[in-house]
Amino acid sequence: MNIPDTSAKRIVIIGGGFGGISLAKKLGRLALQVVLIDRHNYHTFQPLLYQVSTSGLEPDSIAYPIRKVLKRLDNFHFRLTSVEHIDTAKQEIHSAIGKLTYDYLVIATGTKTNFFGNTRIETNAMPMKTVPQALNIRSLMLQNFERADDCEREEDRKALLRFCIVGAGPTGVELAGAFAELKRHVFPKDYRHLNVSEMEIHLFEGGERVLSPMSERSSKKASLFLENLGVKVHVHTIVQDYDGDVLQLKDGTTMRTKNLIWAAGVTGATIDGFETAQLMDRLNRYKVNGFSQIEGFENIFAIGDVAYMETAEYPKGHPQVAQPAIQQGEHLAKNLNLLLQGKNMKPFSYFDKGTLATIGRNRAVADLGKLKFGGFFAWFIWIFVHLAALVGFRNKVVVLFNWAYNYINYDKAARLIVRPFTRKV
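Basis of the calculations
- Residues numbered from 1 in each chain as written.
- Predicted model: local features only at pLDDT ≥ 70, side-chain atom pairs only at ≥ 80, totals over all residues.
- Heavy atoms only, no water.
- Helix = DSSP H or I, 4+ residues; strand = E, 2+ residues; numbered from the N terminus.
- Rg over C-alpha atoms; globule rule 2.2 N^0.38 Å.
- Contact = heavy atoms within 4.5 Å.
- Areas by Shrake-Rupley, 256 points an atom, 1.4 Å probe, with all protein chains shown as cover.
- Lys, Arg positive; Asp, Glu negative; His and termini not counted.
- Charge placed at Lys NZ, Arg CZ, Asp CG, Glu CD.
- Buried < 20%, exposed > 50% of the residue type's maximum accessible area, 1.4 Å probe, protein only.
- Pairing = 2+ DSSP bridges.
- Axes fitted to C-alpha atoms, helices over the stretch in contact; angles between N-to-C directions.
- Phe/Tyr/Trp six-rings, centres within 6.5 Å; stacked < 30°, edge-to-face > 60°.
- Lys NZ or Arg CZ within 6 Å of the ring centre and 35° of its normal.
- Patch = residues over 30% accessible without salt bridge, like charges linked within 9 Å, V, L, I, M, F, W, Y side chains within 5 Å.
- Salt bridge = Lys/Arg side-chain N within 4 Å of Asp/Glu carboxyl O.
- Core = buried A, V, L, I, M, F, W, Y, C linked by side-chain atoms within 4.5 Å.
- Parallel < 35°, antiparallel > 145°, perpendicular 65-115°, else oblique.
- Left-handed = near helix turned anticlockwise from the far one by under 90°.
- Nonpolar A, V, L, I, M, F, W, Y, C, P; charged D, E, K, R; others polar.

Q: Help me understand the overall build of the protein in this model?
A: Tallying secondary structure elements over the protein gives 11 helices and 25 strands in all. A globule of 425 residues ought to have a C-alpha radius of gyration of about 22 Å, and the protein, at 22 Å, matches this closely. In terms of its C-alpha atoms, the protein occupies a principal-axis envelope of roughly 70 × 45 × 40 Å. Within the protein, residue pairs in contact and separated by at least 24 positions form 65% of the contacts whose partners lie at least 6 positions apart. Summed over its atoms, the accessible surface of the protein is roughly 20200 Å², and 51% of this surface lies on carbon and sulfur atoms. One way to put it: in the protein the 53 positive side-chain charges average out to a point 6 Å from where the 42 negative ones average out.

Q: Is there a simple way to explain the environment of Leu416 in this structure?
A: Residue position: Leu416 is located in the segment after α11 (393-409). By relative accessible area, which is 41% here, Leu416 ends up partly exposed. It is 43 Å that separates the C-alpha atoms of Leu416 and Tyr314, two residues lying 102 residues apart in sequence.

Q: Can you walk me through the pairing of strand β17 (residues 259-262) in this structure?
A: On a regular strand, one side chain projects to one face of the sheet and the next to the other, so that they alternate. Across the two faces of β17 the burial is the same, with Asn259 and Ile261 and Leu260 and Trp262 all buried. Judged from the 4 bridges that link them, strand β11 (residues 162-166) and β17 form a sheet pairing that is parallel. What sits directly across from Cys164, in β17, is Leu260.

Q: Is there a simple way to think about the sheet that holds strand β1 (residues 9-14) in this case?
A: Backbone hydrogen bonds hold the strands of a sheet together, and the pairing may be parallel or antiparallel. A sheet is described by the order of its strands in space; here 5 strands give the open sequence β5-β2-β1-β9-β21, paired in parallel fashion. If you trace the sheet from one side to the other, it starts and ends with β5 (76-80) and β21 (300-302), each paired once. Each neighbouring strand pair of the sheet contributes to a mean axis angle of 15°, computed without reference to strand direction. Sheet topology places β1 next to strand β9 (residues 104-107); 4 bridges connect them, and they run parallel. Within the sheet, the bridge partner assigned to Ile13 lies in β9 and is Val106.

Q: I tried to follow the packing of aromatic side chains on my own but got confused; where do I start?
A: Two aromatic rings are characterised by how far apart their centres lie and by the angle between their planes. Following the criterion strictly, the structure yields 14 aromatic pairs and no others. The interplanar angle of 70° and the centroid separation of 5.8 Å between the aromatic rings of Phe187 and Tyr191 together place this pair among those described as edge-to-face. Like Tyr191, Phe187 is buried. With a centroid separation of 5.0 Å and an interplanar angle of 65°, the aromatic rings of Phe274 and Tyr286 are classed as edge-to-face. Taken together, the positions of Phe274 in the loop between β18 (266-268) and β19 (279-280) and Tyr286 in strand β20 (residues 285-287) put the pair 12 residues apart, joining distant regions of the chain. One exposure class covers both Phe274 and Tyr286, and it is buried. A connected cluster of aromatic rings, assembled from ring pairs, spans Phe145, Phe163, Phe179, Phe187 and Tyr191. For Arg361, the ring lying beneath its charged end belongs to Tyr407, and the centroid distance is 3.9 Å. The ring centre of Tyr410 lies 3.7 Å from the NZ or CZ of Arg361, which sits over that ring.

Q: I would appreciate a short explanation of the sheet that holds strand β7 (residues 92-95) in the present structure.
A: Ordered in space as β6-β7-β8, the 3 strands form an open sheet in which the pairing is antiparallel. Because the sheet does not close on itself, it has two edges, and the strands there are β6 (83-87) and β8 (98-101). Here the average twist between neighbouring strands, direction ignored, is 20°.

Q: Would you mind showing me how to read a nonpolar patch on the surface here?
A: A surface patch of nonpolar side chains, amounting to about 570 Å² of accessible area, comprises Phe376, Phe377, Phe380, Tyr407 and Ile408. Where the nonpolar patch is concerned, the elements lending two or more residues are α10 (376-389) and α11. No other element matches α10, which puts 3 residues into the nonpolar patch. Looking at the secondary structure, you find Phe377 in helix α10. Look at Phe377 and you get exposed, because its relative accessible area is 54%.

Q: Help me understand the pattern of salt bridges in this model?
A: With the rule as written, the count across this model stands at 16 salt bridges. The residue Glu155 makes a salt bridge to Arg153 at a minimum N-O spacing of 3.7 Å. What emerges from the salt-bridge pattern is a single network uniting Arg153, Glu155, Asp156, Asp245, Arg256 and Lys258.

Q: Teacher, can you tell me more about the nonpolar core here?
A: Inside soluble globular proteins, nonpolar side chains tend to come together where they are buried. Core analysis: the largest hydrophobic core is formed by 68 residues, its most contacted members being Leu48, Phe179, Phe187 and Leu203. Not counting chain neighbours up to four residues away, the residues in contact with Leu203 comprise Ile165, Gly167, Ala168, Gly172, Val173, Ala176, Val210, Leu226, Val231, Lys232, Val233 and His234. Core analysis: the next-biggest nonpolar cluster, separate from the first, contains 28 residues, Met1, Val12, Ile14 and Tyr350 among them.

Q: What is the right way to look at the packing of α10 against α11 in this model?
A: A packed helix pair is summarised by two numbers, namely the angle formed by the two axes and the spacing between the axes. The contact between α10 and α11 brings their axes to 9 Å, and the two run at 150°. Here α11 runs roughly antiparallel to α10, going by the angle between their axes. In terms of crossing hand, the pair formed by α10 and α11 is right-handed. Here α10 contributes Phe376, Trp379, Trp382, Ile383, His386, Leu387, Ala388 and Ala389 to the contact with α11, which in turn contributes Lys396, Val399, Leu400, Trp403 and Tyr407. Tallied by class, the residues present in the contact of α10 with α11 amount to 11 nonpolar, 1 polar and 1 charged.

So, in structure tokens, the structure goes:
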């Protein structure tokens, strides 16, 4: 991998998400050689992927080059590749471009979409975990509107204009709200000869309510916002099959749609090389102790969504959102500093800053400690929090400008089919 030898200990970080980046940024003053590995050369701000999918933002406004994020680290190396295997006995990683030994290893690979073993849904549905996948959804949406404008058969046209989202967590709810805003404000101007009112937005949730990780009050308010926007919310409803044209529910109900977006769950993006006992079977996450060490190892750590850390406050592990990953990365950097000094590490303690979800224009819900509220003020806080969390000054400015333009003009400017989506056969 052409990483120079050094007298300093080498720490290899796999994954340039929130956890990996927050850790690397804090390692600059330590006597370590830092090697970060990722399949992409950029960090993605995943909470805003849905806005790329729905033409609100261009992808370069929510992505930032990893080398630029970490340019101030002196002894830092980045490699664009995927890690295929970890040889824990030899302290060696095996990647697509070669092998590399490590003194410390941190796995921060996050999650991937979980289709729960349903291969037909996996083949035909649209996931949204990466920038390319978000662009695929944008292209498919616009291509299907173009086809609908040229479609004579009513049944086929309605299938093209029926958007089904599976999973009513924050991603599904925000995506449904964004589609509803397009239907209400944008598409009627673009497709003046098409009856845009035929566009349907369905949100399916297997549980009893939307936004189940949030409070019941916020969940009810989010449902009301969605219904007011014309979104059809289906709770206690499980999608069982989809062949690319017909969606089938567990109760036998079917509907035609050319747009099925899967946001129903995730599974840990683990790497080959560990025993089954070191993984949570159902969640596919690494079992870690309070210091983020993977069970059975002193120099291998896991942080973020791929780590499962049981605590008294979080007996089922921390929520798989950005804040635990960021805080675990920062805390691990402090513990590595203690480790290098021969001191005892300190256990991780998560500070919950609250949860926010937006549902279209001027609508959001917020759980901030004991405060549970929704509406314009929650939406304003959501904007401020996401702007502050974006990496890079340029991205903050570009996103703020786009949001201001969209808000004033009731428009979403990124309605471009730059890379047409073609479904794999």
